[in-house]
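Chain by chain, the residues run as shown.
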Amino acid sequence: MKNMMVSNLSLVLAFALVLVSIAISAKEKLGLTKDILTSVFRAIIQLVIIGFVLKFIFHADQLWLTIVSTLVIIFNASWNANKRDPNPHCSLWNSIIAEAIGTYVTLGLLIFSGVIKPIPMQVIPITGMIAGNEMVAIGLCYKALHDSFNDLHQQVLEKLALGSDIKLASMPILRRSIKTAMQPTIDSAKTVGLVNLPGMMSGLIFAGINPVYAIKYQIMITFMLLSATSLGAVISGYLAYKNYFNEQMQLR
Amino acid sequence: MTIIEFKHISYQVKEKQILHDVSFKVNQGDFLTLVGPSGSGKSTILKLAANLISPTAGDIFYQDKKMVEYNPIQYRREVSYCFQQPSLFGKTVRENLIFPYEIRKQAIVEKRIDELLKLVDLSADFLNKDINSLSGGEKQRVALIRNIIFLPKVLLLDEVTTGLDDGSKEIVHQLIKRVHEQGTTIIRVTHDQSEIQTAGHIMQIKQGRIIK
């Protein structure tokens, strides 16, 4: 752990990296200086708070507190995924259901198979990883649904006019959207270790763990993310496409 | 017997009033032709009759019962709408022609498909053709067959012969005539002068109102 210590002075010096991006923004007249500073200060405040909160939860080591923490993570991820849905008739519940099922099924399997222990120190960071990746997948699914309903508007209308139910009329759109949502995770799985050393693996290597052991965790993360994003994309897609129709099964 | 009735139907999109208090009846077995300038609301009437959009005021009746009381899926299988420029889906003609069977979860009757293809002057091997290789006339014929594989009680035709060459137009006319003879009520929108001249029952629409 000795090589993991970051002193406050080192952090202050590392702030020079932020100055690099501010300098680029100023020189190129990108108008991002205020945004960069706000995002950096928000990140610092959020991380400091979460550091203390996690310290408290890990120390308390209570099951109910762990469950509440996962619920908070899932709600925040759902809220953010829902904000990415361009459909004015979107429903937050779709995102909550997709996030909760995707996260808890994946988490349950990991605990059941003994890969992780049901302790806050392991459950909370893993929940964050699952819910975060699902959030991106669900957001992509919503965006693809919206774009496809625009592109294939006439085709859906024609299928409805022939007497199709809304599910069959939307099937090509659903398939396209779920595929779009899952693609980044699949692509990332293909290049893991070749292009990037992901966070979990890098963290363990930083902490001095033998890279051969670290990859085991990364393999577990890869399996976990494939499951979570597939579940999140499928569930959110099958729930959200209905919002494009009214009660008379007409396109809104 | 009245099959479709519009009672004081208005339709508005945002600030634009497209139909103003339109009322009319169509009897079973009728062949009604809607005419009028572009943007007068003719296609809107057909889309309303197909339950693809809902009126902002008034009620539509189908066989003496409010349209909204029917299951929209069942209703659209009885009152079938054919688009002006149909978009065929999937990759081949076959995918389009088996779709009506798929949505009804019924076994595909190849004989019925072959029969209809023959009626519109297309051979059976046409089924495997790529939809992107079809001409406008061929697409329209495939789309029409798609609508009548299961004979609807009402067939709504939205300028289905617009842009077709004389040969394709004649084939489509013959098919429509045949469908009508089999008892299907037809409501069509057209700008085609020859169709207007030979039409029996004409309704003229202007600026969202029936004028004749």
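Not measured: the values here are computed from a predicted model.

## Notes on the overall build of chain A
Consideration 1: Broken down by element type, chain A carries ten helices and zero strands.
Consideration 2: Secondary structure elements of chain A occur, N-terminal to C-terminal, as α-α-α-α-α-α-α-α-α-α.
Consideration 3: Taken along the three principal axes of its C-alpha coordinates, chain A extends 70 × 55 × 35 Å.
Consideration 4: By the burial criterion, 37% of the 252 residues in chain A qualify as buried.
Consideration 5: In chain A, 70% of the contacts between residues at least 6 apart in sequence involve partners at least 24 apart.

## A few points about the pairing of strand 6 (residues 79-82) of chain B
Residues and elements named next belong to chain B.
Consideration 1: Where burial is concerned, the two faces of strand 6 agree: the one with Val79 and Tyr81 and the one with Ser80 and Cys82 are both buried.
Consideration 2: Two strands pair when backbone bridges link them, and strand 6 and strand 7 (residues 154-158) are joined in this way by four bridges, in the parallel orientation. Directly across from Tyr81, in strand 7, lies its bridge partner Leu156.

## Regarding helix 3 (residues 93-104) of chain B
Consideration 1: Counting buried positions over the twelve residues of helix 3 of chain B gives nine, a clear majority of the element.
Consideration 2: Taken together, the buried positions of helix 3 of chain B are occupied by Val93(B), Asn96(B), Leu97(B), Ile98(B), Phe99(B), Pro100(B), Tyr101(B), Ile103(B) and Arg104(B).
Consideration 3: Contacts from the buried residues of helix 3 of chain B go to helix 7 (153-161) and helix 8 (166-191) of chain A together with helix 2 (72-78), helix 4 (110-119) and helix 5 (136-148) of chain B.
Consideration 4: Remark: Lys105(B) follows helix 3 of chain B within two positions and exhibits a positive phi of approximately 55 degrees.

## Structural notes on the sheet that holds strand 5 (residues 65-66) of chain B
In any sheet, the strands associate via hydrogen bonds between backbone groups, in a parallel or an antiparallel arrangement.
All names here are of chain B.
Consideration 1: What the four strands build is an open sheet, ordered 2-1-4-5; its pairing is antiparallel. In this open sheet, the two strands that pair with only one neighbour each are strand 2 (16-27) and strand 5.
Consideration 2: Bridging between strand 1 (residues 2-13) and strand 2 involves eight bridges; their strand directions are antiparallel. Paired with Thr2 across the bridge in strand 2 is Asn27.
Consideration 3: This element, helix 1 (residues 42-49), spans strand 1, strand 2 and strand 4 (57-62) of the sheet and lies at about 120 degrees to strand 1.

## Considering the UniProt feature "domain: ABC transporter" (unreviewed entry) in chain B
Consideration 1: The positions UniProt marks with the feature "domain: ABC transporter" (unreviewed entry) are residues 4-211 of chain B.
Consideration 2: What you have in residues 4-211 of chain B is 35% helix and 27% strand, and the ends, taken at the C-alpha atoms, are 19 Å apart.

## Some words on the sheet that holds strand 9 (residues 201-206) of chain B
Residues and elements named next belong to chain B.
Consideration 1: With respect to topology, six strands assemble into an open sheet ordered 6-7-8-3-9-10, the strand pairing being mixed. Strands at the two margins of the open sheet, each flanked by one partner only, are strand 6 and strand 10 (209-210).
Consideration 2: One ladder, built from four bridges, connects strand 3 (residues 31-35) with strand 8 (residues 185-189); its direction is parallel. Counted as the bridge partner of Leu34 is Val189 from strand 8.

## Brief notes about the UniProt feature "transmembrane region" (unreviewed entry) in chain A
Residue and element names in this part refer to chain A.
Consideration 1: The feature "transmembrane region" (unreviewed entry), as annotated in UniProt, sits at residues 41-58, 63-79, 91-112, 192-213 and 219-241 in this numbering.
Consideration 2: In the segment residues 63-79, helix accounts for 100% and strand for 0%; the C-alpha atoms at its two ends are 24 Å apart.
Consideration 3: Across residues 91-112, helical content stands at 95% and strand content at 0%; the span's end C-alpha atoms are separated by 32 Å.

## Observations concerning the confidence of the model for chain B
Consideration 1: On average, residues of chain B carry a pLDDT of 90, and 100% of them reach 70 or more.
Consideration 2: Predicted as a complex, the structure gets a pTM of 0.83 and an ipTM equal to 0.91.

## A word on the environment of Thr229(A)
Residues and elements named next belong to chain A.
Consideration 1: Residue position: Thr229 is located in helix 10 (residues 211-240).
Consideration 2: A residue is classified by how much of its surface remains accessible, and Thr229, at 1% relative accessible area, is buried.
Consideration 3: If near-sequence neighbours (up to four positions away) are discounted, Thr229 is found in contact with Asn133, Glu134, Ala137, Met182 and Thr185.
Consideration 4: Only 2.7 Å separates the side chain of Thr229 from the backbone oxygen of Leu225, close enough to count as a polar contact.
Consideration 5: Among the polar contacts made by the side chain of Thr229, one reaches the main-chain carbonyl oxygen of Leu226 at a distance of 3.4 Å.

The rules behind the values
Residues numbered from 1 in each chain as written. Chains lettered and ligands numbered in written order. Predicted model: local features only at pLDDT ≥ 70, side-chain atom pairs only at ≥ 80, totals over all residues. Heavy atoms only, no water. Helix = DSSP H or I, 4+ residues; strand = E, 2+ residues; numbered from the N terminus. Buried < 20%, exposed > 50% of the residue type's maximum accessible area, 1.4 Å probe, protein only. Contact = heavy atoms within 4.5 Å. Pairing = 2+ DSSP bridges. Axes fitted to C-alpha atoms, helices over the stretch in contact; angles between N-to-C directions. UniProt positions renumbered as here; feature names shortened; annotations may be inferred. pLDDT = per-residue confidence, 0-100. Polar contact = N/O pair within 3.5 Å; in protein donor to acceptor, adjacent residues only side chain to side chain.

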